[in-house]
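Coordinate analysis (summary)
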Amino acid sequence: MFTPSRSVSLTQYLIETQRGRQLISAELRLLLEVVARACKRISYAVGKGALTGILGEAGNTNVQGEAQKKLDVIANEVLLEANAWGGHLAAMASEEMDGPYPIPDRYPRGEFLLLFDPLDGSSNIDVNVSIGTIFSVLRMPEAGAVPRIEHFLQPGRAQLAAGYAVYGPSTLLVLTVGAGAACFTLDRETGSWWLTQDRMTVPRSTREFAINASNARHWEPPVRRYIDELLAGASGPRGADFNMRWVASMVADVHRVLTRGGIFMYPRDARDALRPGRLRLMYEANPMGLLVEQAGGAASTGMGSILEVQPASLHQRVPVILGSTEEVERLEAYHRESGQQLT
Ligand code: AHG
Ligand code: MN
Ligand code: MN
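On a predicted model such as this, the values are computed, not experimentally measured, just so you know.

Within the protein, the secondary structure is distributed over 8 helices and 17 strands. Compactness check: the protein gives a C-alpha radius of gyration of 20 Å against a globular reference of 20 Å for 343 residues, within 12% of the reference. Scored against the burial criterion, the 343 residues of the protein give a buried share of 57%. In the protein, once contacts between residues fewer than 6 apart in sequence are set aside, the share between residues at least 24 apart is 64%. Per element, the accessible surface of the protein, about 14500 Å² overall, is 51% carbon and sulfur. Here the protein contributes 34 positive and 37 negative side-chain charges, whose respective centroids are spaced 3 Å apart.

Attention now moves to the side chain of Arg238. Locating Arg238 in the fold gives a position in the loop between helix H5 (221-231) and strand E12 (243-244). A polar contact of 2.6 Å, which involves the side chain of Arg238, links it to the side chain of Glu327. Aside from chain neighbours lying at most four places away, what touches Arg238 is Arg207, Tyr226, Glu229, Leu230, Glu327 and Arg330.

In the contact formed by helix H2 (residues 26-48) and helix H3 (residues 70-84), the axes pass within 9 Å of each other and the chain directions differ by 150°. In terms of their interaxial angle, H2 and H3 are classed as roughly antiparallel. When you trace H2 past H3, the crossing you get is right-handed. Judged by residue contacts, Leu31, Val34, Val35, Ala38, Arg41, Ile42 and Val46 of H2 engage Leu71, Ala75, Val78, Leu79, Glu81, Ala82 and Asn83 from H3. Partitioning the contact of H2 with H3 into residue classes produces 11 nonpolar, 1 polar and 2 charged.

Turning our eyes to something else, we now look at H5. Buried within H5 are the following residues: Pro222, Val223, Tyr226, Ile227, Glu229 and Leu230. Projected down its long axis, H5 carries its buried residues within an arc of 155°, all on one side. Seen from the buried face of H5, the exposed residues on the opposite side, beyond 90 degrees, are Pro221, Asp228 and Leu231. Tucked into the core, H5 has its buried residues touching strand E11 (208-210), strand E13 (263-266) and helix H8 (325-337). The first or second residue beyond H5 is Gly233, which carries a positive phi of 65°.

Phi angles above zero are rare outside glycine, and Asn128 is one such case at about 60°. Here Asn128 is to be found in the loop between strand E5 (112-120) and strand E6 (131-139). Residue classification places Asn128 among the exposed residues on the basis of a relative accessible area of 74%.

Rules behind the numbers
- Residues numbered from 1 in each chain as written.
- Chains lettered and ligands numbered in written order.
- Predicted model: local features only at pLDDT ≥ 70, side-chain atom pairs only at ≥ 80, totals over all residues.
- Heavy atoms only, no water.
- Helix = DSSP H or I, 4+ residues; strand = E, 2+ residues; numbered from the N terminus.
- Rg over C-alpha atoms; globule rule 2.2 N^0.38 Å.
- Buried < 20%, exposed > 50% of the residue type's maximum accessible area, 1.4 Å probe, protein only.
- Contact = heavy atoms within 4.5 Å.
- Areas by Shrake-Rupley, 256 points an atom, 1.4 Å probe, with all protein chains shown as cover.
- Lys, Arg positive; Asp, Glu negative; His and termini not counted.
- Charge placed at Lys NZ, Arg CZ, Asp CG, Glu CD.
- Polar contact = N/O pair within 3.5 Å; in protein donor to acceptor, adjacent residues only side chain to side chain.
- Axes fitted to C-alpha atoms, helices over the stretch in contact; angles between N-to-C directions.
- Parallel < 35°, antiparallel > 145°, perpendicular 65-115°, else oblique.
- Left-handed = near helix turned anticlockwise from the far one by under 90°.
- Nonpolar A, V, L, I, M, F, W, Y, C, P; charged D, E, K, R; others polar.
- Arc of directions from axis to C-beta.

By themselves these figures say nothing about function.
Here it is, written out as structure tokens:
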């Protein structure tokens, strides 16, 4: 008979991480619990779908020039509201806001900065495919100061915690505080998160890849070479058949990689010289990169670790190649061999 694993709740996991391994403070624990609570609220909104009129366009454009969906706006507001008053944050930043959102003066300001992609996979909202939320936690480098953009511009290596929620057949929360990546499943009836996988591990090798192949004509030579070799299958240079998956929600694609391995790519392409890649460094690539590294995988721009990139702006884009180490290293080697100088 199937026995669900219900022994460790999110709260217990965080308290034990705080008390035993002393990896997090009480303030950081509060922050993570508040983010988890906000994700739960977003999950309930997602679950209601058309019944509460949350589908469709919001009628606005965000700072990225992308049309906002109603759920992009709702999820952003849920995260802002949940995190404003607890005293644990100095400021927040989001895909859906031009600049930092300082904690209002009527509330105490704390020592952390929270960055998020409130709703990842927006093109999948209206077609009932898995979507999610991605978040990253940094320390406010100048205690007590009025938060500025420069305070956020820290490399991914400086993250104190990172995670994502997936609103799929189950609602999951995957989290790292520097002690591996742990997965919690939401019991939608009781509203509790339960640890369902500790120490997620990305296998070193894989036969599965994820890339939006409709961009193939824009790819750079090392990416073309790599994908051509995979597509050539058993009779090609790799001597093996590879399978392809592309959900078009980074949370769902990366969750598959964290669960059973694979390589996920949104590489630099030639569509727009001002946009080196599609995904945003600070609230997509960095948190996912840290989670994948914590699970034993690798996260690269093609030229080096994503987590070493020094951000120049809040909404900066970056090439993303992450997952099973052997494949990420192979594609990095192809970049080196091509003599590319870009970072
Ligand atoms: P967002 O919905 O937050 O803007 O992010 C969408 C991202 C990411 O989730 C996904 O991997 C990628 O965009 C999908 O891009 P394509 O539309 O090119 O497939
Ligand atoms: Mn996104
Ligand atoms: Mn988004």
